[in-house]
Amino acid sequence: MTSGSWPYYPVFMRLRGQRVLLVGGGEVAARKLRLLLRADARVHVVAEQLNDELAELCASGEAVHAGVAFEPRQLGGCRLAVAATDDAALNRRVADAAEAQGIPVNVVDDSTLSSFVTPAIVDRSPLLIAISTGGAAPVLARRLRERLEAMLPSAYGRLAAFMHSRRESVRSAAAHTARRAIWERFLDSPAAEQVLTGNEARATSDLQEMAQQRAGVGEAKGEVYLVGAGPGDPDLLTFKALRLMQQCDVVLYDRLVAPEILELVRRDARRMFVGKARSQHAVPQDEINDELVRLAQSGQRVLRLKGGDPFIFGRGGEEIDRLMEHGIPFQVVPGITAASGCSAYAGIPLTHRDYAQACVFVTGHARADGTLDLHWDQLARRGQTVVVYMGLATLPELCARLIEHGLPPDWPAAMIDDGTSPRQRVIAGTLADLPQRVSEANLKGPSLLIVGEVVRLRERLSWRGESS
């Protein structure tokens, strides 16, 4: 084999209505049969005994049990042959007979006898992605398939089917040289995302407009993606969040977005920091709202990346309200909010039938005059968990007011710093001593306060081993 040559030529073969011989009656043969039936092949199975799945498929007529012993004549008229038995000698007989008759053959787990191999498949029908190492490292191929499965939404099949069904309309509307540009513009536009989210009517309208403009003349349309980045761990991002992060033109992000998450944004996207820190606003909210409108109106795909969930103390409602005023298309992608993410990583369940039958989320952000305006009588109750966002600066007052309104000084409480990240720290204590503990710990990262008897469960449910 010459340097850089391929062990196999990659090809997709049409098997609809074609005869395929499958030799084998066990689980391996059943796996091969499932794939062949997906291609609408007419599969004839040869085996002395069939497992339950193969027997059922043959009984239902989806496959044919053509014999109990292999004979070379059974290959007559076949497009492919597959040997899937645990008998090496029999597999070789099948391979030799198929080779003699010029029929491609695959011997499972034996690339030396195979004239073709079955790749690992990512199925987004009609979009199919095949991954092969030429039989050298099938486990690696499967691992790559797993990664691609995670990266490619199931709706990509819908996108491929949509494009196929509209090919004729684009062909009739534009010259050959313009069609490719139309499709490229379509895939780079919000219209493709509309297909993925199920709005094919709007996608069709946008595609027709692109075709009428002959691939590019006219005003581009932008869109805003309001995406929750979660509490910090990149593994907690949703598939949809990752997809939109990879196709934006510009990203507006805040202080709570972890650097590891920002690294996953499309590398050539322009980055704009609009974050807020305690008592310091980098960009006022109204200016952020206006910037989202301006960027989208200029035709850009704008990613508004927010820590946690955009609709839980994230002011996402204000941002989309402004977008709607200006007719800007947008999408909202929920994120794991800090309360659920940080509590889970700290080993503190928010509810527990023995300790808390309710959970309340509040913000500890002080008003302009430095006071906290909360419903203290509702918060200072047993049988519930109280989660306080942005409560680090006002922690002493929070604890004092909860005690003042009826909770005992030894009521459990914990402050989680940089939750879900490798830097996570959990400071556990009581309403009486937690402010002092937190002050001594000199916490600097985003922090979340949990108050309630569920904090006691951390002693036996903590699973990450951080300090407390």
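Residues numbered from 1 in each chain as written. Predicted model: local features only at pLDDT ≥ 70, side-chain atom pairs only at ≥ 80, totals over all residues. Heavy atoms only, no water.

## Considerations on helix α1 (residues 27-38)
Inclusion rule: The helix count covers DSSP runs of H or I at least four residues long, the strand count covers runs of E at least two residues long, and both are numbered beginning at the N terminus. Multiplying 1.5 Å by the residue count of a helix minus one yields the expected span of that helix. By the convention used here, residues are in contact when the closest approach between their heavy atoms is within 4.5 Å.
If you check α1, its first and last C-alpha atoms are 17 Å apart, about what 12 residues at 1.5 Å a residue would give, namely 16 Å. Packed against the buried residues of α1 are β1 (19-23), β2 (42-46), α2 (52-59), β4 (78-83) and β5 (105-107). One or two steps after α1, the chain reaches Asp40, where phi turns positive at roughly 60 degrees.

## As for the environment of Leu449
As a reminder, the rule being used: Whether a residue is buried, partly exposed or exposed follows from its accessible area with a 1.4 Å probe, protein chains only, as a fraction of its type maximum: under 20%, in between, or over 50%, in that order.
By the secondary structure assignment, Leu449 is in strand β19 (residues 447-451). The class of Leu449 is buried, set by a relative accessible area of 1%. Between the C-alpha atom of Leu449 and that of Leu22, which follows or precedes it by 427 residues, the distance is 62 Å.

## Thoughts on the side chain of Thr430
Put simply, the test is: Any N or O atom pair separated by 3.5 Å or less is treated as a polar contact, with the protein-specific requirement of one donor-capable and one acceptor-capable atom, and with residues adjacent in sequence counted only for side-chain atom pairs.
In this structure, Thr430 sits in strand β18 (residues 425-430). Side-chain polar atoms of Thr430 contact the backbone oxygen of Pro409, separated by 3.4 Å. If we ignore the near neighbours within four places in the chain, the residues touching Thr430 are Pro409, Asp410, Trp411, Pro412, Ala413 and Pro435.

## Description of the pattern of salt bridges
The following threshold applies: For this analysis, a salt bridge means a side-chain nitrogen from Lys or Arg found within 4 Å of a carboxyl oxygen belonging to Asp or Glu.
A complete count under the given rule lists 28 salt bridges for this structure. Arg34 is paired through a salt bridge with Glu53; the nearest N and O atoms lie 2.8 Å apart. Taken together, the residues span a long stretch of sequence, with Arg34 in helix α1 and Glu53 in helix α2 at a distance of 19 residues. For Arg34, a relative accessible area of 35% puts it in the partly exposed group. Residues joined by salt bridges that share partners form a network here, namely Asp249, Arg266, Asp268 and Arg301.

## Considerations on the packing of aromatic side chains
Rule in force here: Pairing of aromatic side chains requires ring centres within 6.5 Å, counting the rings of Phe and Tyr and the six-membered ring of Trp. Pairs whose planes differ by under 30 degrees are stacked, by over 60 edge-to-face, and all others tilted.
Per the stated rule, a full pass over the model turns up seven aromatic pairs. Both rings, one in Trp183 and one in Phe186, keep their centres 5.7 Å apart while their planes meet at 85 degrees; by these two values the pair is edge-to-face. Of this pair, Trp183 and Phe186 both sit in helix α7 (residues 176-187), three residues apart, roughly one helical turn. Comparing Trp183 with Phe186, the two get one shared label, buried. Three or more aromatic residues joined by ring pairs make a cluster, and in this case those are Phe162, Trp183 and Phe186.

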